[in-house]
Amino acid sequence: GDSVIQMQGQVTLSENDFLFINCTYSTTGYPTLFWYVQYSGEGPQLLLQVTTANNKGSSRGFEATYDKGTTSFHLQKTSVQEIDSAVYYCAMRDRTNAYKVIFGKGTHLHVLP
Amino acid sequence: GPKVLQIPSHQIIDMGQMVTLNCDPVSNHLYFYWYKQILGQQMEFLVNFYNGKVMEKSKLFKDQFSVERPDGSYFTLKIQPTALEDSAVYFCASSRRSNTGQLYFGEGSKLTVL
């Protein structure tokens, strides 16, 4: 079945470190891919999305490239800040079954000052 | 930005009782969702609702669960009767389009079943 895999449950970095969060997906269709961020005590909010394969999405210094060949959508940021501490969810919406958005398990990013 | 409001933010009830969680979605949105998140775990899709009908539901959407949006007011999730394993944070979300639209989430309703 459709799935989104995030292998890293927790990532701890220092300010100005490089961030890389792994995400791979599995579906037979042509999904739209998302990264959502959830700050403590809040609901998830969209960070970025990419609809078309091989395109890159970016927002607030974060970026992710939709790689259909490797079915990946890794999240990167050159220099993280303490305010980036949150849970990051990779998600997909398959256009052939557009009524369901599937989330990965989430990666808890903790940035030390 | 657009806001999804959820009421209540926290509810504590006894097992077997009924609970209704309310969601006020973004005003021009047409697609509505409920997700369940047990503490420290991932968000699990429960149901999608469009044009007065359930379009898709997961195996977590048990027979005791129901959703409706009477007369375009609140989008509600009702659980009757509740069970201990229903304790979780329930997030409502809405979107304007189906195939590419982003989801806008509320802040969640924390349900504690004793």
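Above this note sits the structure.
## Points about the nonpolar core
- Judged by nonpolar contacts, the single largest core of 26 residues is most densely connected at Leu19(A), Trp35(A), Leu47(A), Leu48(A), Phe73(A), Leu75(A) and Tyr88(A).
- Among the secondary structure elements, those contributing two or more residues to this core are β2 (10–14), β3 (19–21), β5 (31–38), β6 (45–50), β8 (62–65), β10 (86–94) and β12 (107–112) of chain A.
- If near-sequence neighbours (up to four positions away) are discounted, Phe73(A) is found in contact with Cys23(A), Leu33(A), Phe34(A), Trp35(A), Leu48(A), Val50(A), Ala64(A), Thr65(A), Tyr66(A) and Cys90(A).
- Grouped together as the second largest cluster of nonpolar side chains are 22 residues, Val26(B), Phe32(B), Val47(B) and Leu77(B) included.

## Thoughts on the interface of chain B and chain A
- Across the boundary between the two partners, chain B contributes 23 residues, which contact 22 residues of chain A.
- The tally of links from chain B across to chain A stands at one salt bridge.
- Lys100(A) is the partner of Glu56(B) in a salt bridge, and the nearest nitrogen-oxygen pair spans 3.8 Å.
- Scanning the region where chain B abuts chain A turns up six residue pairs in polar contact (both at pLDDT 80 or more).
- Where the side of chain B that touches chain A is concerned, the elements lending two or more residues are β4 (31–37), β5 (43–50), β6 (53–57) and β9 (88–95) of chain B.
- Sorting elements by how many residues they give to the side of chain B that touches chain A places β4(B) first, with four residues.
- Among the residues making up the side of chain B that touches chain A, the classes are represented as nine nonpolar, 11 polar and three charged.

## Let's talk about the state of the cysteines
All names here are of chain A.
- Counted under the stated rule, the structure contains two disulfides over all chains.
- Bridging Cys23 to Cys90, the disulfide has an S-S length of 1.9 Å. The S-S bond linking Cys23 to Cys90 shows a torsion near -65°; that makes this disulfide left-handed. Here the residue Cys23 occupies a position in the loop between β3 and β4 (24–26), and Cys90 occupies one in strand β10, the gap between them amounting to 67 residues.

## A short note on the pattern of salt bridges
All names here are of chain B.
- One pass over the full model with this rule turns up four salt bridges over all chains.
- Residue Lys62 pairs with Asp86 through a salt bridge whose shortest N-O separation is 2.9 Å. Placement of Lys62 in the loop between β6 and β7 (65–68) and of Asp86 in the loop between β8 (75–79) and β9 is noted, with a sequence separation of 24 residues between them.
- By relative accessible area, Asp86 is classed as buried at 1%.

## Quick word on the sheet that holds β8(A)
Residue and element names in this part refer to chain A.
- With antiparallel pairing, four strands are arranged side by side in an open sheet as β3-β9-β8-β7. Edge positions in the open sheet fall to β3 and β7 (56–59), since each of these has one partner strand only. Averaged over neighbouring strand pairs, the angle between their axes works out to 15° when direction is ignored.
- Note: β8 against strand β9 (residues 75–77), three bridges, orientation antiparallel.

## Things to note about the packing of aromatic side chains
- All told, the structure shown has 16 aromatic pairs over all chains when counted by the stated rule.
- Look at Tyr35(B) and Phe45(B): their rings are 5.7 Å apart centre to centre, the planes differ by 70°, and that puts the pair in the edge-to-face class. Note that Tyr35(B) is positioned in strand β4 and Phe45(B) in strand β5, a separation of 10 residues in sequence.
- On the basis of relative accessibility, which here comes to 0%, the residue Tyr35(B) falls in the buried class.
- Residues Tyr35(B) and Phe105(B) carry aromatic rings whose centres are separated by 5.7 Å and whose planes lie at 55° to one another, so their mutual orientation is tilted. With Tyr35(B) in strand β4 and Phe105(B) in strand β10 (residues 104–105), this residue pair connects regions lying 70 residues apart in the sequence.
- Here the aromatic residues Phe34(A), Tyr36(A), Tyr89(A), Phe103(A), Tyr35(B), Phe45(B), Phe91(B) and Phe105(B) are joined through ring pairs into a cluster of three or more.

Conventions used here
- Sequence order as written defines the numbering, with residues in each chain counted from 1.
- Whichever chain is written first is A, and whichever ligand is written first is 1; the rest continue in order.
- A pLDDT threshold of at least 70 governs which residues receive local features in this predicted model, and a stricter bar of 80 or more applies before side-chain atom pairs are shown or counted, although totals over entire chains, interfaces and linings include all residues.
- Values shown for side chains rest on all heavy atoms present in the structure; no hydrogens or waters enter the calculation.
- In these notes, a set of buried Ala, Val, Leu, Ile, Met, Phe, Trp, Tyr and Cys residues joined through side-chain atoms within 4.5 Å is what counts as a nonpolar core.
- Note on classification: 1.4 Å probe, protein chains only; a residue is buried when its accessible area is under 20% of the maximum for its type, exposed when over 50%, partly exposed between these limits.
- Where helices and strands are cited, they refer to DSSP runs of H or I of at least four residues and of E of at least two residues respectively, numbered from the N terminus.
- Any two residues whose heavy atoms approach within 4.5 Å at even a single point are treated as in contact.
- A pairing counts as a salt bridge when a side-chain nitrogen of Lys or Arg comes within 4 Å of a carboxyl oxygen of Asp or Glu.
- Throughout this description, a polar contact denotes any pair of N or O atoms lying within 3.5 Å of each other; where both atoms belong to protein, one of them has to be capable of donating a hydrogen while the other can accept it, and for residues adjacent in sequence the pair is counted only when both atoms sit in side chains.
- In this count, Pro and Cys sit with the nonpolar residues alongside Ala, Val, Leu, Ile, Met, Phe, Trp and Tyr, while Asp, Glu, Lys and Arg are called charged and the others, Gly among them, polar.
- A pair of cysteine sulfur atoms is labelled a disulfide when the two atoms are within 2.5 Å.
- In short, DSSP must find at least two bridges between two strands for them to pair.
- Throughout, an axis means a line fitted to C-alpha atoms (over the contacting stretch in the case of helices), and angles, computed between N-to-C directions, take values from 0 to 180 degrees.
- When the centres of two rings from Phe, Tyr and Trp lie within 6.5 Å, Trp using its six-membered ring, the rings pair. Their planes under 30 degrees apart give stacked, over 60 give edge-to-face, and anything left gives tilted.

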